[in-house]
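A closer look at the structure
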Amino acid sequence: MRVGVIGLGQAGGRIADLLAYYHKWGIHGHIAPFAMAVNTAKSDLMGLKTIPQKDRILIGQTEARGHGVGTLRDAGAHVMQSGMPAIVHTVAGKMTEHIDSFLVLAGLGGGTGSGGAPVLVKALKELYDHPVYVLGILPGDDDGKLMARNAMDCVDDLSPVADGILFFDNNLWKREGMTLAQAFNTMNHSLVQPLPSLLGAGEATNGRVGVKVVDAADIMNSWKGMSVLGFSQIKARTKKDKLFFFKKRDSIGELSPTLRCYTVIKSAVAAGMTCRCVMKDAGRGLLMISGPKNQINVEGFFQAKSWLEQEIDSYEIRGGDYPVNAVDELRGIVLLSGFTDLPRLQELRSRINGNGHSPKESSNGQN
Ligand SMILES: Nc1nc2c(ncn2[C@@H]2O[C@H](COP(=O)(O)OP(=O)(O)OP(=O)(O)O)[C@@H](O)[C@H]2O)c(=O)[nH]1
Ligand SMILES: [Mg+2]
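First, a word on scope: everything that follows refers to the structure included in this document. (Residues numbered from 1 in each chain as written. Chains lettered and ligands numbered in written order. Predicted model: local features only at pLDDT ≥ 70, side-chain atom pairs only at ≥ 80, totals over all residues.)

Notes on the overall build of the chain
Check the secondary structure of the chain and you find 14 helices and 10 strands. Counting every position in the chain, which comprises 367 residues, the buried fraction comes to 50%. Looking at the chain alone, contacts between residues at least 24 apart form 82% of all its contacts between residues at least 6 apart. (Helix = DSSP H or I, 4+ residues; strand = E, 2+ residues; numbered from the N terminus. Buried ≥ 20, exposed ≤ 12 C-beta atoms within 10 Å, placed from the backbone. Contact = placed C-beta atoms within 7 Å.)

A closer look at the sheet that holds strand E6 (residues 164-169)
Read across the sheet, 10 strands follow the order E3-E2-E1-E4-E5-E6-E7-E10-E8-E9 without closing on themselves; strand pairing throughout is mixed. In this open sheet, the two edge strands, each paired with only one partner strand, are strand E3 (56-58) and strand E9 (317-323). Geometrically, the sheet is characterised by an average inter-axis angle of 20° between neighbouring strands, direction not taken into account. Here strand E2 (residues 34-39) runs beside E3; their pairing, made up of 3 bridges, is parallel. (Pairing = 2+ DSSP bridges. Axes fitted to C-alpha atoms, helices over the stretch in contact; angles between N-to-C directions.)

Topic: the environment of Thr-40
Along the chain, the position of Thr-40 falls in the loop between E2 and helix H2 (42-46). When the C-alpha atoms of Thr-40 and Met-80 are compared, they prove to be 8.9 Å apart, with 40 residues separating the residues in sequence. The contacts of Thr-40, once residues within four sequence positions are left out, are Ile-59, Gly-60, Ala-64, Gly-68, Val-69, Val-79 and Thr-112.

Digging into the site of ligand 1
Within the structure, ligand 1 sits among 24 residues, and Gly-9, Gly-107, Gly-110, Gly-111 and Gly-113 are positioned closest to it. Elements with a contribution of two residues or more to the shell around ligand 1: helix H1 (9-25), helix H5 (112-127) and helix H8 (180-192). Top element by residues in the shell around ligand 1 is H1. It accounts for 4 residues. Of the residues assigned to the shell around ligand 1, the class counts are 7 nonpolar, 15 polar and 2 charged. (Near = placed C-beta within 6 Å. Nonpolar A, V, L, I, M, F, W, Y, C, P; charged D, E, K, R; others polar.)

What to know about the nonpolar core
In globular proteins that are soluble, nonpolar side chains generally tend to be buried together. Grouped together as the largest cluster of nonpolar side chains are 107 residues, with contacts concentrated most on Val-5, Ala-16, Leu-19, Val-104, Leu-120 and Val-134. Here this core spans two domains, since at least three of its residues come from each of domain 1 (3-192) and domain 2 (227-339). (Core = buried A, V, L, I, M, F, W, Y, C linked by C-beta atoms within 7 Å. Domains from an automatic or database assignment.)

A closer look at the packing of helix H12 (residues 257-271) against helix H13 (residues 298-312)
Contact geometry of H12 with H13 gives a least axis separation of 7 Å together with a crossing angle of 35°. Of the two possible hands of crossing, H12 and H13 adopt the one that is right-handed. The segment H12 lies against H13, with Pro-257, Thr-258, Leu-259, Arg-260, Cys-261, Tyr-262, Ile-265 and Lys-266 engaging Glu-299, Gly-300, Phe-301, Gln-303, Ala-304 and Trp-307. (Left-handed = near helix turned anticlockwise from the far one by under 90°.)

Re H12
Its 15 residues give H12 an end-to-end C-alpha distance of 21 Å, which sits within 8% of 21 Å, the value for a rise of 1.5 Å per residue. Every buried residue of H12 is listed here: Arg-260, Cys-261, Tyr-262, Thr-263, Val-264, Ile-265, Lys-266, Ala-268 and Val-269. Check the buried side of H12 and you find it contacts strand E7 (225-235), strand E8 (284-291), H13 and strand E10 (329-339). (Expected span 1.5 Å × (residues − 1).)

Some thoughts on unusual backbone geometry
In this model, Arg-65 sits at a positive phi of 50°, which is unusual for a non-glycine residue. In this fold, Arg-65 is placed in the loop between helix H3 (61-64) and helix H4 (73-94). A positive phi is found at Asp-313, a non-glycine position, where the angle reads about 55°. By secondary structure assignment, the location of Asp-313 is in the loop between H13 and E9. Its 11 C-beta neighbours within 10 Å are what place Asp-313 among the exposed residues.

Observations concerning H13
Across its 15 residues, H13 extends 21 Å between first and last C-alpha, which sits within 8% of the 21 Å expected from 1.5 Å per residue. Gly-300, Phe-301, Ala-304, Leu-308 and Ile-312 are the residues of H13 that are buried. Looking down the long axis of H13, one finds its buried residues gathered within 100° of arc, a one-sided arrangement. Away from the buried face of H13 by more than 90 degrees, exposed residues Ser-306 and Gln-310 are located. (Arc of directions from axis to C-beta.)

Right, dumping it as structure tokens:
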């Protein structure tokens, strides 16, 4: 699925820039024909590396004077509205490229991204027939109540207008012992890494067509409402591994091809979700295995699919394989979608209401 990427605010701009980088240098073909960044802070735009200068749009210069809107959502919404002619002009200039949908990226806790995302999504929906998806970053506990409130208000505003919202929870992915810049960088890579495998599946070119192809329509039909994404990878068995069969192998290395494919999907759900969820509340799902063609095992794929069917209690599961011979990992991707609520959203809601306790969850927090 080819997406037109628009990153808003600091977090949105950085993640859009990274996605543009993966598009430019990755092996997954044409996934993001264009990427733009929109911000009220000039320095954030200047710090980007891949998005071309002309596609970095500074809005609200009269109000924010290039310094951001200081976590004020209303101000973010206002400047997005007044900056819309410039944004629409740039988007219109990009539409000669074929895209299947828009992907709007934003930190939901700040002012520019949080206030601006619903305004932009509405405008894109009015102007184009393409679905509009949002990748929203949820604030961590350290970000405080104002950001929690902004995020919840943003989710309320986005839910009726966006086709799908994919959540990434900073609280779940933060790692201790790093500077903030390192932590953001690591989180952004964790978030962006699975996207080319997910989006690239339908864009496979000669020689890379799977046994069961996932196309843009499959992704669109699977990505509806609130969603989370799971990702895991295990090293594929190379010819060298097979040659040195007497070498001590780790437990993953000993798995049969069927079990390896099954395991990579289960691990994506168990350890690699962008945001915790209650699995059985998902309305639909999409699973994908990508990696060297000779390592993708159809039986393993179908076993993983029927496991997922049982876990999410829905027959609406799509999926397929995506052969990529240039990598030496087997990758499992699981998109769970159609949630009406998520444990982290409940947590943020109770933080705003002064109750710091987490809602009741299952033991591992995933299902
Ligand atoms: N994962 C991730 N989160 C980020 C990054 N930068 C900021 N955040 C988070 O995003 C939220 C704040 O959003 P920002 O994008 O900084 O805010 P903004 O949209 O620029 O809005 P203003 O600065 O208020 O104008 C907080 O939860 C931050 O922790 C980043 O690069 N990666
Ligand atoms: Mg900012």
